[in-house]
Amino acid sequence: SVGGTSSGINAEYGGAFSKTRQQFMRDTSFNYSQTYIDALYMELSMEPDDEGNSKMPDVNYLHIWPRGHFMMIGLPNRDMSWTITLFGPKSIYNNFQTEAGVMAVFQEHFPDAIPLITKEKILQDCLRTSGYPMVSIKCSPHVLNKTMLLGDAAHAMVPFYGEGMNCGFEDCLVLDSLLEQFSMSGALSRYSAARVEDVQAMCDLSMYNYLEMRDLVRSPLFKARKFADNFLHALVPSFWVPLYTSIRFQRSLTYKQCWGNKQWQDRIVDQALICGCVFLTCCMAFILNSVI
């Protein structure tokens, strides 16, 4: 929808398929891109057990069934139920035409989830609907004339970091901060420069996190890196801040700075691994030479 102000400024927060943004695209100075990822999503429900308890442990955590090119996740609810979301390619959903097809997918890829969700609930949820697409949208500028784009109208993103709504709220914080320093026209003229790179970085981070969740979390090297990140953060918290921590719990860093911080940390880790390998090779060579 579009909201007006007493200054004659229109603010559009109409979602990923914003009609106002479509009008922006008539302007030759407006840049726009959209990417549909090769995955659809579908929600299922895992009810509490007969005593009202959660069927899975660790009710304060996200549960992931990573399967390389696709995944299923579980998010806990306060009533001890779980919202289960399947993210997968169209080829997975092509099997969801019959009961046998649905159960074949779950028996092959998620056999441990069947007694938790129950066969009846799986069939009910999977056969009543189809998978929904996910889109990532980038555009600039976010302000044309006296109309500005906010939220998903300006930066729709895939849901794998859970930052879409937070980004929308932060749009308002950034605009409010500019209004404290400048007039309305001055704030609007500076808004895009203050916001576009950050939200586009978050769009990229959301894309990256899908790869991390569905695939990388299975890697021993990834787990070792996570351990190192947490260890270094505990040792020198102001110097080494893991990516997830910087995004979710550090308002002092922008999304672009979080992304840049991770790239810097990756270079440090890569160099440390190379130095370690060289050191071990030299040690082995010295030992072998001594033995000979």
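Quick notes on the rules
Residues numbered from 1 in each chain as written. Predicted model: local features only at pLDDT ≥ 70, side-chain atom pairs only at ≥ 80, totals over all residues. Heavy atoms only, no water. Pairing = 2+ DSSP bridges. Helix = DSSP H or I, 4+ residues; strand = E, 2+ residues; numbered from the N terminus. Axes fitted to C-alpha atoms, helices over the stretch in contact; angles between N-to-C directions. Parallel < 35°, antiparallel > 145°, perpendicular 65-115°, else oblique. Left-handed = near helix turned anticlockwise from the far one by under 90°. Contact = heavy atoms within 4.5 Å. Expected span 1.5 Å × (residues − 1). Buried < 20%, exposed > 50% of the residue type's maximum accessible area, 1.4 Å probe, protein only. Arc of directions from axis to C-beta. Salt bridge = Lys/Arg side-chain N within 4 Å of Asp/Glu carboxyl O. Polar contact = N/O pair within 3.5 Å; in protein donor to acceptor, adjacent residues only side chain to side chain. Core = buried A, V, L, I, M, F, W, Y, C linked by side-chain atoms within 4.5 Å. 1 Å grid on protein atoms, 1.4 Å probe; cavity = no way out; pocket = protein on both sides within 12 Å on 5 of 7 lines; lining within 4 Å. Points joined across faces, edges and corners; volume = space filled by probe spheres on them. Nonpolar A, V, L, I, M, F, W, Y, C, P; charged D, E, K, R; others polar.

Attention now moves to the sheet that holds strand E6 (residues 82–88). Read across the open sheet, the five strands follow the order E4-E5-E6-E3-E7; overall the sheet is antiparallel. Two strands in the sheet have a free side with no partner beyond their single neighbour: strand E4 (63–66) and strand E7 (132–140). Each adjacent strand pair in this sheet contributes to an overall mean axis angle of 25°, direction not counted. As paired elements, strand E5 (residues 71–76) and E6 share six bridges and run antiparallel to each other. When the bridges of E6 are listed, Pro76 appears paired with Trp82.

Where E4 meets E5, four bridges bridge the pair, whose relative direction is antiparallel. Residue pairing for E5: Pro66 is matched across the bridge by Met71. Where E4 folds back on E5, the antiparallel hairpin that results is connected by four residues, among which Gly68 adopts a positive phi of roughly 85°. Joining the antiparallel neighbours E5 and E6 is a turn of five residues, in which Met80 adopts a positive phi near 75°.

To continue, consider the packing of helix H3 (residues 99–109) against helix H5 (residues 119–127). It is the contact of H3 with H5, at a shortest axis distance of 10 Å, that shows an interaxial angle of 115°. Judged on the interaxial angle alone, H5 and H3 are roughly perpendicular. Between H3 and H5 lies a crossing whose hand is right-handed. Facing H3, whose interface residues are Glu99, Val102, Met103 and Phe106, H5 presents Lys119, Ile122, Leu123, Cys126 and Leu127.

Taking 1.5 Å of rise per residue, 18 residues should cover 26 Å, and helix H7 (residues 164–181) covers 26 Å from first to last C-alpha, within 8% of that figure. All buried positions along H7 are accounted for by Cys167, Gly168, Glu170, Asp171, Val174, Leu175 and Leu178. Down the axis of H7, the buried set is contained in an arc of 160°. They therefore lie on one face. Exposed residues on H7 whose side chains face more than 90 degrees from its buried face are Met165, Phe169 and Glu180.

Next up on the list: the pattern of salt bridges. Pairs can form between side chains of opposite charge whenever their charged atoms are close. Applying the stated criterion across every chain, the model contains 12 salt bridges. A salt bridge links Arg248 to Glu163; the shortest N-O distance between them is 2.5 Å. Taken together, the residues Arg248 in helix H10 (residues 243–249) and Glu163 in the loop between helix H6 (152–155) and H7 connect sequence positions 85 residues apart. Its relative accessible area of 3% is what places Glu163 among the buried residues.

Moving on: the side chain of His142. If you trace the backbone, His142 turns up in the loop between E7 and strand E8 (143–144). Since its relative accessible area comes to 0%, His142 is described here as buried. A distance of 3.2 Å separates a polar atom in the side chain of His142 from the backbone oxygen of Cys139.

A few words on the pairing of E6. The element E6 is extensively covered by neighbouring structure, given that six of its seven residues are classed as buried. Note: strand E3 (residues 31–46) against E6, seven bridges, orientation antiparallel. From the neighbouring strand, Ser45 faces E6, where its bridge partner is Thr83.

Of all hydrophobic cores here, the largest spans 26 residues; its most connected members are Phe96, Phe106 and Ile122. At the level of elements, E3, E6, helix H2 (90–93), H3, helix H4 (114–117) and H5 are the ones that each hand at least two residues to this core. The residues contacting Phe106, other than those within four sequence positions of it, are Leu44, Met72, Phe96, Pro111, Ile114, Ile117, Ile122 and Cys126. Judged by nonpolar contacts, the second largest core, of 12 residues, contains Tyr161, Leu205, Tyr255 and Cys258.

What follows deals with the layout of surface pockets. The computed volume of the largest pocket comes to approximately 1,100 Å³. Lining of the largest pocket is provided by 39 residues; of these, Ile73, Pro159, Phe160, Tyr161 and Gly162 occupy positions nearest its centre. The residue makeup of the lining of the largest pocket, split by class, is 26 nonpolar, seven polar and six charged. For the second largest pocket, the calculated volume is near 400 Å³. If you go around the second largest pocket, you meet 21 residues; those closest to its centre are Leu221, Phe222, Arg225, Lys226 and Asp266. Contributions of two or more residues to the lining of the second largest pocket are made by helix H8 (184–214), helix H9 (220–235), H10 and helix H11 (255–291). Looking at which element gives the most residues to the lining of the second largest pocket, the answer is H9, with eight residues. Partitioning the lining of the second largest pocket into residue classes produces 13 nonpolar, two polar and six charged.

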